[in-house]
Structure formats: structure tokens, C-alpha cells
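# Observations on chain architecture
These are the residues of each chain, in order.
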Amino acid sequence: MALISQRGNRPKTRPLTSPEDSVDDLALNQATQKGNVLRGVQQVHEPTACIEQLRRGLAGGHRRTSLKRLKTDVIDLFYQHRVDPNVPIEDVAGAVKDLIQQGKVKHFGLSEAGVQTIRRAHAVQPVAALQSEYSLWSREPEAEVLPTLEELGIGFVPFSPLGRGFLTGKITEDTKFDSTDFRTVVPRFTPENRKANQALVDLPGRIAEQKKATPAQIALAWLLAQKPWIVPIPGTTKLSRLDENNGSLAIKFTSDDLREIDSAASKITVQGDRYPERVLRMSGR
Ligand SMILES: NC(=O)c1ccc[n+]([C@@H]2O[C@H](COP(=O)([O-])OP(=O)(O)OC[C@H]3O[C@@H](n4cnc5c(N)ncnc54)[C@H](OP(=O)(O)O)[C@@H]3O)[C@@H](O)[C@H]2O)c1
């Protein structure tokens, strides 16, 4: 299986080799070594979502996206990673439709797109999956996005399902991040907000004790319990954590458990945005 992520409009201040990307690549490599379900999956993060680049790229003319470089004949799921305000989504969907007809791509995905964009894209080329942030502390997709996906039959891939590590309980207000770590610019991760958001760590921690599991497993199992078509993608650089996270598949919640988690979570107000303002502006379009 091969998968490609075309991430449009990457903020210029974020280097291509940011921690987000390296966590991802390492986790995928390790997953491959482990023969995990992610075996053979490749993601390429692109700085722009230019249609011509997309067409030429898969034909072999673009360094980062050529099928030859990816060592595959076909990309199973091709994501546009942010909606480009300068290119009508119908043009993007049309370009991917062409690639599907040429047999270079099997399925079309979007990331952090708003419901109107999803509907417009889906009318041109059915969207197979939406990849957007969703976790116990980022529940925005529940209002409009999840009902729309259910109506249209589109799968949902929550990214940062562990709250970029925070929901695992391994990050405290005293944790020091490397200066290149993306979390240093995420408002939710200032030391003050980490302290204020501690209740979000206590919640999965408490349920984990009841279920004899780890907080990370609870955070993932909660996502898996929301809908059968939700598939979270946790990132890790450690094989032991890959095994631990896979253990979430064995955890089952009763409807009482889910009600209890919902009720506890609804009493917590998360402090700080999930992205810096300039990045947040690129979401939900
Ligand atoms: N579509 C998009 O725009 C977008 C944006 C962001 C991320 N993503 C994708 O989403 C995936 C994951 O997101 P993410 O890495 O940002 O966030 P995440 O999965 O919520 O959290 C990853 C962090 O949690 C830590 N971690 C993982 N498992 C753990 C465990 N069992 N116990 C304690 N700590 C644990 C990892 O550290 P260690 O490495 O030290 O284990 C890492 O710092 C990646 O594939 C990424 O590419 C997509």
C-alpha cells in the first residue's frame, strides 16, 4: 500500500524537516520493520498544492512525488493536505480524478477541509478520507464535519490523536522541548497552558486505571469507539510505544463508560489554541 499526503500552504516558518515530519517518517519506518498495518505506507509532505505540479509529479517529473521515487506503481490514498484558497477545490478534485482514471492514484483525501469544501470536492471526485485533528482535547469535528462525513460515506483519520503527546501524561509543565519542536509555537503547549490543561491528562489517566490500560491507549480507544469509520494515526519514534498504542484496539468501552468520559470532558475548558493563529487560519476552509 502506498499513500501520499500533499500538504498545501505549509507555513513558511516551519521547516520541511520539522519534528512533525520526522516523527511521522520514523514511526512509519518502524511500523514497516514491525510488519504493522502501516507497512509500506509512505507520506510525502509538499509545500504547495499546485495542480500542474501534481499532474507532472506523478508522471515522474517531480522529485518528491514521482511514483518511481516512492517505489510504487500506484498511490492508494492521495491527500491534499490543506485547502488552497487560490485554487478552486473542483480543479484539485478534477486533477485527482484524472490521476485515478490514469491508474496512478486509487483514492482521494483531504485534510482540515471545511464541510462546504468537502461537499464541492466530493461532487467532482468522491472523497475517501478526511484527515483532521481530533482527540479528547480537540473535538471541533464533532459539530459539522463528522455528520457530513457520515452522510457522504467518507472515512475519518484523526491526526495528533494523542494531543501531540499531551494526553499520554508524559508531558508536564516542566517538560522542555527542543527549539525545533513544533510544540514550542503551539499556544496549548505554553508551560502555563500545560499546567492549566492538566485535567485533560487526569481524565484518560483515571479511565486507564479502571481499564488496566495506559492513558495513550484510552485516548486512542475513545476515538475508535466514536464511529467504526474513524481510524486514528498516532505518531511515535519508539517501537515499544507502537506496541502500546496498538493495544488500544483491544480496549472496549460500554455506553456508560463513554457517557462518563463525555460528561467529564465536557466540564473541562481547554486553554490555548491547537495551532498558532497563522496556521489555524488554514483550517476549516
Ligand atoms: N494532516 C495534518 O495536517 C497533520 C498534522 C499533524 C500531524 N499529522 C499526522 O498525524 C500523525 C500523528 O500526529 P502527531 O505525531 O502530531 O501527534 P500524536 O500522535 O497525538 O502524538 C505524538 C507524540 O506522542 C508521543 N507518544 C506516542 N505514543 C506515546 C505513548 N504511548 N506514550 C507516551 N507518548 C507517546 C510521541 O513521542 P515519542 O516519539 O517520543 O513516542 C509524540 O511526541 C502523524 O502521522 C502526522 O504526520 C498530520
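Structure report, in brief.

Each value, and the rule that gives it
Residues numbered from 1 in each chain as written. Predicted model: local features only at pLDDT ≥ 70, side-chain atom pairs only at ≥ 80, totals over all residues. Heavy atoms only, no water. Helix = DSSP H or I, 4+ residues; strand = E, 2+ residues; numbered from the N terminus. Buried < 20%, exposed > 50% of the residue type's maximum accessible area, 1.4 Å probe, protein only. Contact = heavy atoms within 4.5 Å. Areas by Shrake-Rupley, 256 points an atom, 1.4 Å probe, with all protein chains shown as cover. Axes fitted to C-alpha atoms, helices over the stretch in contact; angles between N-to-C directions. Left-handed = near helix turned anticlockwise from the far one by under 90°. Nonpolar A, V, L, I, M, F, W, Y, C, P; charged D, E, K, R; others polar. Pairing = 2+ DSSP bridges. Right-handed = clockwise from strand over helix to strand, strands pointing away. Arc of directions from axis to C-beta. Salt bridge = Lys/Arg side-chain N within 4 Å of Asp/Glu carboxyl O.

## Section: the overall build of the protein chain
Helices and strands together make up the secondary structure of the protein chain, namely 11 helices and five strands. Within the protein chain, buried positions represent 52% of all 285 residues. Contacts spanning at least 24 positions in sequence make up 73% of the contacts within the protein chain whose residues lie at least 6 apart. Summed over its atoms, the accessible surface of the protein chain is roughly 13,500 Å², and 52% of this surface lies on carbon and sulfur atoms.

## What about the packing of helix α3 (residues 89-101) against helix α4 (residues 115-124)?
One can describe the packing of α3 onto α4 by two numbers: an axis separation of 8 Å at closest approach and a directional angle of 35°. As α3 runs across α4, the sense of the crossing is right-handed. Residues Ile 89, Glu 90, Ala 93, Gly 94 and Lys 97 of α3 form the contact with α4, whose own contacting residues are Thr 117, Arg 120, Ala 121 and Val 124. Residue classes in the contact of α3 with α4 are distributed as four nonpolar, two polar and three charged.

## With respect to the pairing of strand β3 (residues 105-111)
The buried count for β3 comes to five of seven residues, which makes it a mostly enclosed element. Two elements, strand β2 (residues 75-80) and β3, share five bridges in a ladder whose sense is parallel. The residue of β3 that forms the bridge with Phe 78 is Phe 108. A crossover links β2 with its parallel partner β3, the connecting element being α3, and its sense is right-handed. Where β3 meets strand β4 (residues 127-133), four bridges bridge the pair, whose relative direction is parallel. Residue pairing for β4: Gly 109 is matched across the bridge by Ala 129. Taking the sense of rotation as the criterion, the β-α-β connection linking β3, α4 and β4 turns out right-handed.

## As for α4
Among all positions in α4, only Val 115, Thr 117, Ile 118, Ala 121 and His 122 are buried. Within α4, the buried residues cover an arc of 155° as seen down the axis, which keeps them to one side. For α4, exposure combined with an orientation more than 90 degrees from the buried face picks out Gln 116 and Ala 123. Taken together, the buried residues of α4 touch α3, β3, β4 and α5 (145-152).

## As for unusual backbone geometry
Backbone geometry at Lys 71 places phi at a positive 55°, although glycine is not the residue there. Tracing the sequence through the fold places Lys 71 in the loop between α2 (51-61) and β2. Residues other than glycine seldom take positive phi values, yet Glu 112 does so here, at roughly 55°. Relative to the elements of secondary structure, Glu 112 occurs in the loop between β3 and α4.

## Structural notes on the pairing of strand β5 (residues 155-159)
Counting buried positions over the five residues of β5 gives five, a clear majority of the element. What you see with β5 is no split at all: Gly 155, Val 157 and Phe 159 on one side and Phe 156 and Pro 158 on the other are buried throughout. Here β4 pairs with β5 via five bridges, running parallel. Looking at the pairing, Leu 130 lines up with Phe 156 of β5. At this point the chain moves from β4, through α5, to the parallel β5, and the crossover so formed is right-handed.

## Regarding the pattern of salt bridges
Any two side chains of opposite charge can pair, given that their charged atoms come close. One pass over the full model with this rule turns up 12 salt bridges. Lys 106 is the salt-bridge partner of Asp 76, the closest N and O atoms lying 3.5 Å from each other. Taken together, the residues span a long stretch of sequence, with Asp 76 in strand β2 and Lys 106 in strand β3 at a distance of 30 residues. By relative accessible area, which is 44% here, Lys 106 ends up partly exposed. Three or more residues are tied together by salt bridges with common partners; here these are Glu 112, Glu 133 and Arg 274.

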